[in-house]
Amino acid sequence: MRLPDFKAVELAAERLRGFAVRTPMLTSDALDAQCGRRLVIKPECLQRTGSFKFRGAFNRLTQLTAKERGTGVVAWSSGNHAQGVALAARLLNIRARIVMPDDAPLIKTRNTRALGAEVIPYNRQTEDREAIARDLVSREGGVLVPSYDDPDIVAGQGTAGLELLQDSEPLDALLVCCSGGGLVAGCALAAEGLGVDTAVYSVEPESFNDHQRSLATGQRERVTPGASSLCDALLAPTPGELTFDVNRRLLAGGLSVTDDEVRTAMRVAFESLKLVVEPGGAVALAAVLSGRLPEHYHRVGVMLSGGNVDADLFATILAGRA
C-alpha cells in the first residue's frame, strides 16, 4: 500500500484551497491558567460539515478519474466522514452512498442525507460495515472511500495539522484525537515535513485505546469486545494498517481519557471558548485538562476535531446530567 508523505499533504492543501475553511487559532488566558501551560486550539468543529473529515474526503474525490466519478463512491462512517464525503460528492457532482450505524447521532445522519448522500443503515453490534460496503460495490459498482486507511485521506486530514503548525507559535507538543489514526498520522507527517520540534500524541477514549497500546507493544492491538464509549466518532476496533505504519514511526506516544473527562472538556470548551464540541472532538482537550500529558511540555497544540453532537445530549452534558 502506498504510504502518504509530506509532499502529499502539501498537494492536498493546494487542492483544498478555496474549498476547506482555514480554521483559526484560538487561545484563552483562563485555560492557560487552569492547565499551567500555553494552549493553542485548532477548532475543526468550525470546518465545513462540522469536522476535519471534509479535508480528506475532498482530497480523495478530486483525484477520481472521469470514469470513477461516473460510478459514484461508497463509504462507511459513524457520521463525520459520511458528511465529509457527502459534501465533497455534492460539490463534484458524484453519487455517494454511505454505510452508517443505525445508532449514529441523529444530527450526523440527518446532515448526511441533507447533503444528498444515500444512507445505508447497519447494526454496529451484529454487522460488518466494511463488508456491507464492499458487497454494495461488487453488486452495483462504485469506488470505496475508506474513512482513514487511505493515503489521500491521510494527506487531506494532515492539512489541519499543517495549518496549525504554520499559523501558531512553536509548539512543544500537539494532541490529536485518534480512532483509525488518519488525522494524527497526517498531523505527524506535517510536523516531520516542516522540521518542527513538536511531539505529536494520539488521544483516545480509555476503553478504545488501541493506538496507545499498539504504540507500546509495536504491533496493532484490538479493542476488547463489547467496549463502549461516549465518543461515537472514535470507536475503531484497531489501528489502520497504513496509519499505524506512519504513527509507530512518528508519534511520541498515545494518551487516553475517561468519558467523564471528555464531558468536562466539552463543558470547558463551551464556557471558555464558546464552542460546541462533540465527545470525540474533545478528547485532546480532555487529555491536557486532566494532566495526562507530561509536565515538561509547556506550549501545547490541541485539535478540537469535530462539533457534531445532538442538541439533547449536549444540553444534558452541559447541565452535568450525563
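Here, every reference points to the structure presented above.
About the thresholds
Residues numbered from 1 in each chain as written. Predicted model: local features only at pLDDT ≥ 70, side-chain atom pairs only at ≥ 80, totals over all residues. Heavy atoms only, no water. Helix = DSSP H or I, 4+ residues; strand = E, 2+ residues; numbered from the N terminus. Rg over C-alpha atoms; globule rule 2.2 N^0.38 Å. Buried < 20%, exposed > 50% of the residue type's maximum accessible area, 1.4 Å probe, protein only. Contact = heavy atoms within 4.5 Å. Areas by Shrake-Rupley, 256 points an atom, 1.4 Å probe, with all protein chains shown as cover. Lys, Arg positive; Asp, Glu negative; His and termini not counted. Charge placed at Lys NZ, Arg CZ, Asp CG, Glu CD. Axes fitted to C-alpha atoms, helices over the stretch in contact; angles between N-to-C directions. Parallel < 35°, antiparallel > 145°, perpendicular 65-115°, else oblique. Nonpolar A, V, L, I, M, F, W, Y, C, P; charged D, E, K, R; others polar. Polar contact = N/O pair within 3.5 Å; in protein donor to acceptor, adjacent residues only side chain to side chain. Phe/Tyr/Trp six-rings, centres within 6.5 Å; stacked < 30°, edge-to-face > 60°. Pairing = 2+ DSSP bridges. Salt bridge = Lys/Arg side-chain N within 4 Å of Asp/Glu carboxyl O.

1. Topic: the overall build of the chain
When helices and strands are tallied, the chain shows 14 helices and 9 strands. Here the chain has a C-alpha radius of gyration of 18 Å; the compact-globule value for 322 residues is 20 Å, and the two agree. Projected onto its principal axes, the C-alpha positions of the chain cover 55 × 45 × 40 Å. Here the chain holds 322 residues, and the buried ones make up 60% of them. Restricting the contact set of the chain to residue pairs at least 6 apart, pairs at least 24 apart contribute 74%. For the chain, the exposed surface amounts to about 12600 Å²; the carbon and sulfur share of it is 48%. In the chain, which carries 35 positive and 39 negative side-chain charges, the distance between the mean positions of the two groups comes to 5 Å.

2. Regarding the packing of helix H1 (residues 6-16) against helix H8 (residues 151-167)
Closest axis-to-axis distance for the H1/H8 pair is 8 Å, and the angle between their directions is 85 degrees. Classed by the angle they form, the pair H1 and H8 counts as roughly perpendicular. On H8, the residues touching Phe6, Ala8, Val9, Ala12, Ala13 and Leu16 of H1 are Ala155, Gly156, Gly158, Thr159 and Leu162. Considering only residue class, the contact of H1 with H8 consists of 8 nonpolar, 3 polar and no charged.

3. Considering the side chain of Ser179
Its place among the elements puts Ser179 in the loop between strand E6 (173-177) and helix H9 (182-194). Among the polar contacts listed, one links the side chain of Ser179 to the backbone nitrogen of Leu235, at a separation of 3.5 Å. In terms of polar contacts, Ser179 uses its side chain to reach the backbone amide nitrogen of Ala236, at 3.1 Å. Setting aside anything within four residues of it in sequence, one finds Ser179 in contact with Asp210, His211, Ala233, Leu234, Leu235 and Ala236.

4. Digging into the packing of aromatic side chains
Across all of its chains, the model carries 4 aromatic pairs by this definition. Between Phe54 and Phe58, the ring centres sit 5.4 Å apart and the planes meet at 35 degrees, which makes this aromatic pair tilted. Of this pair, Phe54 and Phe58 are both found in helix H3 (residues 53-61), 4 residues apart, which corresponds to roughly one turn of the helix. Comparing Phe54 with Phe58 shows no difference in burial state: the two are buried. Here Phe270 and Phe314 contribute two aromatic rings whose centre-to-centre distance is 5.8 Å and whose plane-to-plane angle is 80 degrees, an arrangement assigned as edge-to-face.

5. Some details on the sheet that holds strand E3 (residues 96-101)
The sheet built from 4 strands is open, its strands ordered E4-E3-E2-E5 with parallel pairing. In this open sheet, the two edge strands, each paired with only one partner strand, are strand E4 (118-122) and strand E5 (143-144). For strand E2 (residues 73-76) and E3, the ladder comprises 4 bridges, and the chain directions are parallel. Paired with Trp76 across the two strands is Val99, which belongs to E3. Sheet contacts for helix H6 (residues 106-114): E3 and E4; angle to E3, the most-contacted strand, approximately 170 degrees. In the packing of helix H7 (residues 129-140) onto the sheet, the strands contacted are E2, E3, E4 and E5, and the crossing angle to E2 comes to about 170 degrees.

6. Things to note about the pattern of salt bridges
The tally for this structure, following the rule as stated, stands at 21 salt bridges. Here Arg248 makes a salt bridge to Asp245, at a shortest N to O gap of 3.0 Å. Placement of both Arg248 and Asp245 in helix H11 (residues 241-250) is noted, with a separation of 3 residues, approximately one turn of the helix. For Arg292, the salt bridge is made with Glu261, and the minimal N-O distance between the two is 2.8 Å. Note that Arg292 is positioned in the loop between helix H13 (283-289) and strand E9 (299-304) and Glu261 in helix H12 (residues 259-273), a separation of 31 residues in sequence. What makes Arg292 partly exposed here is its relative accessible area of 30%.

7. Concerning the sheet that holds strand E7 (residues 199-205)
Pairing in this open sheet of 5 strands is parallel, and the strands run E1-E9-E6-E7-E8 from one edge to the other. Of all strands in the sheet, those bounded by a partner on one side alone are strand E1 (38-43) and strand E8 (253-257). Taking each pair of neighbouring strands and ignoring which way they run, the sheet shows an average axis angle of 25 degrees. Here E1 pairs with E9 via 6 bridges, running parallel. If you follow Ile41 over to E9, its bridge partner there is Val302. Relative to the sheet, H9 contacts E6, E7 and E9, its axis offset from that of E6 by approximately 155 degrees.

Function cannot be inferred from these measures alone, as they are strictly geometric.
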